[in-house]
Amino acid sequence: MGFDRPTAMGAGWRPGSVPRVDGPPESLRPWLDEPGSLTRRLRALAGDAFGVELQHQHWQRPWPTEAVRLGASTRHAAWVREVRLCRGQTPLVAARSVIPASSLRGPLRRLRRLGRQPLGQLLFGRYPVTRGVIDIAPVQPDSSLARRLARGRATPAWARRSVFRVAGRPLLVTEVFLPALIHALATGERP
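The structure presented is a predicted model; accordingly, all values stated were derived computationally and were not measured. (Residues numbered from 1 in each chain as written. Predicted model: local features only at pLDDT ≥ 70, side-chain atom pairs only at ≥ 80, totals over all residues. Heavy atoms only, no water.)

Peer 1: Honestly, empty space enclosed by the protein in this entry has me stumped. Any pointers?
Peer 2: Leftover empty space is mapped by rolling, across the atoms, a probe with the size of a water molecule. Counting across every chain of the model gives one cavity of 30 Å³ or more. Reported here for the largest cavity is a volume of approximately 180 Å³. Taken together, 21 residues line the largest cavity, and the ones lying closest to its centre are T39, L119, G120, V173 and E175. Broken down by secondary-structure element, the contributors of at least two residues to the lining of the largest cavity are α3 (38-46), β3 (78-87), β4 (90-100), α5 (119-123), β7 (158-166) and β8 (169-177). Per-class residue counts for the lining of the largest cavity are 11 nonpolar, six polar and four charged. (1 Å grid on protein atoms, 1.4 Å probe; cavity = no way out; pocket = protein on both sides within 12 Å on 5 of 7 lines; lining within 4 Å. Points joined across faces, edges and corners; volume = space filled by probe spheres on them. Helix = DSSP H or I, 4+ residues; strand = E, 2+ residues; numbered from the N terminus. Nonpolar A, V, L, I, M, F, W, Y, C, P; charged D, E, K, R; others polar.)

And the structure:
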């Protein structure tokens, strides 16, 4: 089912359909379960203030749990892209995409040159895309995910991930819903 070991993410990754005792806030649930474009949903929330901050994009070995989820080897480098999706200067979601080299052939080679363009804009508009099971997990402050994407924030955050197949080629997208978004959804305020 693609669960991480408990040490990686606290309680570990679980399919979103599996109930948890320590589940996400109800106000976040529709965002975690969103089968379509998270970019589109964030643009609707943030309006003209929506933006993408590119943090990193480079070749690196996937984390062991990412390699397992992709059915890939940790010995082979993948194209890894980390961004923050923001409303103005406020980060709402941090995202990490892991794309095996074999998925970057043909027209998908453009994924290496996205820059500040949202991946969702490309995924949900240009190619035939299928999405695998959406796994969710709480982000523990001492996890690799928190250190890389949530910047080790001690406040609660939740993440989801799924494997997309674009023209049959896999890529893994992990999205961390940051405290500013979680708070705004819970209180009805704009982030």
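After that view, the rundown keeps rolling.
Peer 1: Sorry if this is basic, but what is going on with the pairing of strand β6 (residues 135-138) here?
Peer 2: Here β6 shows no split at all, with D135 and A137 on one side and I136 and P138 on the other all buried. Sheet analysis places β6 next to β7, joined by four bridges and oriented antiparallel. Residue P138 lies in a different strand from β7, and its bridge partner there is W158. (Buried < 20%, exposed > 50% of the residue type's maximum accessible area, 1.4 Å probe, protein only. Pairing = 2+ DSSP bridges.)

Peer 1: It is not clear to me how unusual backbone geometry should be interpreted in this structure. Could you clarify?
Peer 2: Positive phi, normally seen in glycine, also occurs at A167, with a value near 50°. Counting through the fold element by element, A167 comes out in the loop between β7 and β8. Note on A167: relative accessible area 51%, which makes it exposed.

Peer 1: Would you mind going over the pattern of salt bridges with me for this structure?
Peer 2: Side chains carrying opposite charge are able to pair once their charged atoms draw close together. Enumeration over the complete set of coordinates arrives at seven salt bridges. Across the pair R96 and E82 runs a salt bridge, and its minimum N-O distance is 2.4 Å. Within this pair, whereas R96 is found in strand β4, its partner E82 is found in strand β3, the two being separated by 14 residues in sequence. For R96, a relative accessible area of 1% corresponds to the buried category. Taking the relative accessible area as the measure of exposure, E82 reaches 1% and is therefore buried. Of the charged contacts in the structure, one is a salt bridge between D135 and R161, with a shortest N-O distance of 3.8 Å. A residue pair is termed long-range when its members are at least 10 positions apart, and D135 in strand β6 and R161 in strand β7 qualify at 26 residues. As far as the burial class goes, D135 and R161 line up, both buried. Here the salt bridges do not stand alone but share partners, grouping E66, E82 and R96 into one network. (Salt bridge = Lys/Arg side-chain N within 4 Å of Asp/Glu carboxyl O.)

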